[in-house]
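Summary of structural features
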Amino acid sequence: HVPGWREDNASLRAALNISDEEVWQAHQVAKTRAIAEVNRRTDADFDLGTFTIGFARRAATYKRADLLLTEPARMREMASRAGRIQIIYGGKAHPKDDEGKRVIQQIIQARDSLGPEVRLVYLENYDWELGCLLTAGVDVWLNTPLPPMEASGTSGMKAALNGVPNLSVLDGWWIEGCIENVTGWAIDGGAQSKGTNNRTSQDAQSLYQMLEQVVLPAFYQQRDDWLRVMRHAIALNASHFNTQRMVQQYVVKAYLG
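Quick caveat: nothing in here was measured; it's all calculated off a predicted structure. (Residues numbered from 1 in each chain as written. Predicted model: local features only at pLDDT ≥ 70, side-chain atom pairs only at ≥ 80, totals over all residues. Heavy atoms only, no water.)

Considerations on helix α5 (residues 154-161)
Looking only at α5, the buried set comprises Ser155, Gly156, Met157, Ala159 and Ala160. In this structure, the buried residues of α5 make contact with β1 (51-56), α4 (128-137), β4 (140-143), β5 (166-169) and α8 (223-238). After α5 finishes, the residue Gly163 shows a positive phi value of roughly 75 degrees. (Buried < 20%, exposed > 50% of the residue type's maximum accessible area, 1.4 Å probe, protein only. Helix = DSSP H or I, 4+ residues; strand = E, 2+ residues; numbered from the N terminus. Contact = heavy atoms within 4.5 Å.)

Structural data, given as C-alpha cells:
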C-alpha cells in the first residue's frame, strides 16, 4: 500500500519499493476472492495455483474475445508443456447486437474442446462488482481488439492499478502503456497485415507465442521477474493512466490553455 495515493495518483511510482512478499500476498488475497466467486457461480473448480487469464468487457465483435480460442489443440498442448491455464470471461452484448451474442455462444461452446489442461468459464450478469473482482484477481489481463478500433481500454488500466500485467494488442492506451517485459507484453501480429482475417490469424499466432514462450514460463518458473512486472505495472502504468492526471491535463491544456 502506498499511503496517500488516492489524493496523489502519481505517488504510485513508489510501488517499486514494495517488497516481493507483500506484492504476492496482496495478489493472492485478491485472487482468492475472484476464484471463490467463480466457483460459487459455476462448477469449474478453479484453483489458486493455476495461471489465470481475465477477459471481461462489452461483447462486441471488434474486441475479438474468441482470439485466444482460435486453435484449441494448441492451447491444450501449450498448457501441457508450459503450465495449466484458467480463463475467466465476462461481459454482455448489446441487446440488439446479435453478432456479439454469437461470440459469447462460441466461447461457451469452445469450452469442451479445451480439455482438462485449460479450464474456461463465461460468467453471467457482468457488473461493476464482478469487474472489480476480476481486474484485481486474475494473473494477467487480456485485450485483443482489432486495431485501430479500441478507443481507450480502461479495464486494463484498472488491472494495472492492482498490479495485474496486461497482455494486449497494441491499440488504445496500450500503445503508450506497454513497455515490453516491464509493464506487460504486446500482442503484435504485424501492423502491415492486409485484411481482417489475415490480421486476426497473425495476432492469434503472436498471442500463442507470447503465452507459451514468455508469459507462462515467467509465471511458473521466474517468480522474481513476474513480481517485477507486477510492481512496474503499478509504478509506471497506474501512476500515469488515471482520471486524476487526465482531468489535470484537460484543465491546463484545454480550459486554461
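Notes on the environment of Gly91
If you trace the backbone, Gly91 turns up in the loop between β2 (85-90) and α3 (98-110). Taking the relative accessible area as the measure of exposure, Gly91 reaches 6% and is therefore buried. With 32 residues separating them in the primary sequence, Gly91 and Leu123 have C-alpha atoms 7.7 Å apart. Excluding residues within four positions of it along the chain, Gly91 makes contact with Arg57, Ile104, Tyr122, Leu123 and Tyr126.

Considering the environment of Thr70
Take Thr70: it is sitting in the loop between β1 and α2 (72-82). Remark: the alpha-carbon pair of Thr70 and Pro145, spanning 75 residues in sequence, is separated by 14 Å. With sequence-adjacent residues up to four places away left out, Thr70 is seen in contact with Ala204 and Tyr208.

Things to note about the nonpolar core
Counting residues in hydrophobic clusters, the biggest one holds 53 residues, and the most contacted among them are Phe51, Leu68, Ile85, Tyr89 and Leu167. Top contributing element to this core by residue count: helix α7 (residues 196-221), with nine residues. By size, the runner-up hydrophobic cluster in this structure holds 14 residues, among which are Ala44, Leu123, Ala159 and Val164. (Core = buried A, V, L, I, M, F, W, Y, C linked by side-chain atoms within 4.5 Å.)

Topic: the packing of aromatic side chains
Each aromatic ring pair is characterised by the separation of its centres together with the angle its planes make. Within the structure shown, the criterion is met by eleven aromatic pairs. Ring centres 6.3 Å apart and planes at 55 degrees place the aromatic pair Trp24 and Phe219 in the tilted group. You can see Trp24 sitting in helix α1 (residues 20-41) and its partner Phe219 sitting in helix α7, a full 195 residues away along the chain. Look at Trp24 and you get buried, because its relative accessible area is 19%. Put simply, the rings of Trp24, Phe51, Trp185, Phe219, Tyr220 and Trp226 pair up and form one aromatic cluster. Between the NZ or CZ atom of Arg57 and the centre of the ring of Phe55, over which it lies, the distance is 4.3 Å. (Phe/Tyr/Trp six-rings, centres within 6.5 Å; stacked < 30°, edge-to-face > 60°. Lys NZ or Arg CZ within 6 Å of the ring centre and 35° of its normal.)

Here's the deal with α1
With 22 residues, α1 extends 32 Å between its outermost C-alpha atoms, agreeing within 8% with the 32 Å of an ideal straight helix rising 1.5 Å per residue. Taken together, the buried residues of α1 touch β1, β2, β3 (118-123), α4, α7 and α8. (Expected span 1.5 Å × (residues − 1).)

What to know about unusual backbone geometry
Residue Pro147 is joined to Pro148 through a cis peptide bond whose omega torsion reads 5 degrees. Tracing the chain through its elements places Pro148 in the loop between β4 and α5. Although it is not a glycine, Arg64 sits at a positive phi angle of roughly 50 degrees. Of the residues examined, Arg64 reaches a relative accessible area of 6% and is grouped as buried. Although it is not a glycine, Asn125 sits at a positive phi angle of roughly 55 degrees. Turning to its location among the elements, Asn125 is positioned in the loop between β3 and α4. Of the residues examined, Asn125 reaches a relative accessible area of 56% and is grouped as exposed.

Description of the pattern of salt bridges
In total, this model carries twelve salt bridges according to the counting rule given. The shortest N-O distance in the salt bridge between Arg41 and Glu37 comes to 2.8 Å. Taken together, the residues Arg41 and Glu37, both in helix α1 and four residues apart, mark about one turn of the helix. For Arg41, a relative accessible area of 34% translates into the label partly exposed. (Salt bridge = Lys/Arg side-chain N within 4 Å of Asp/Glu carboxyl O.)

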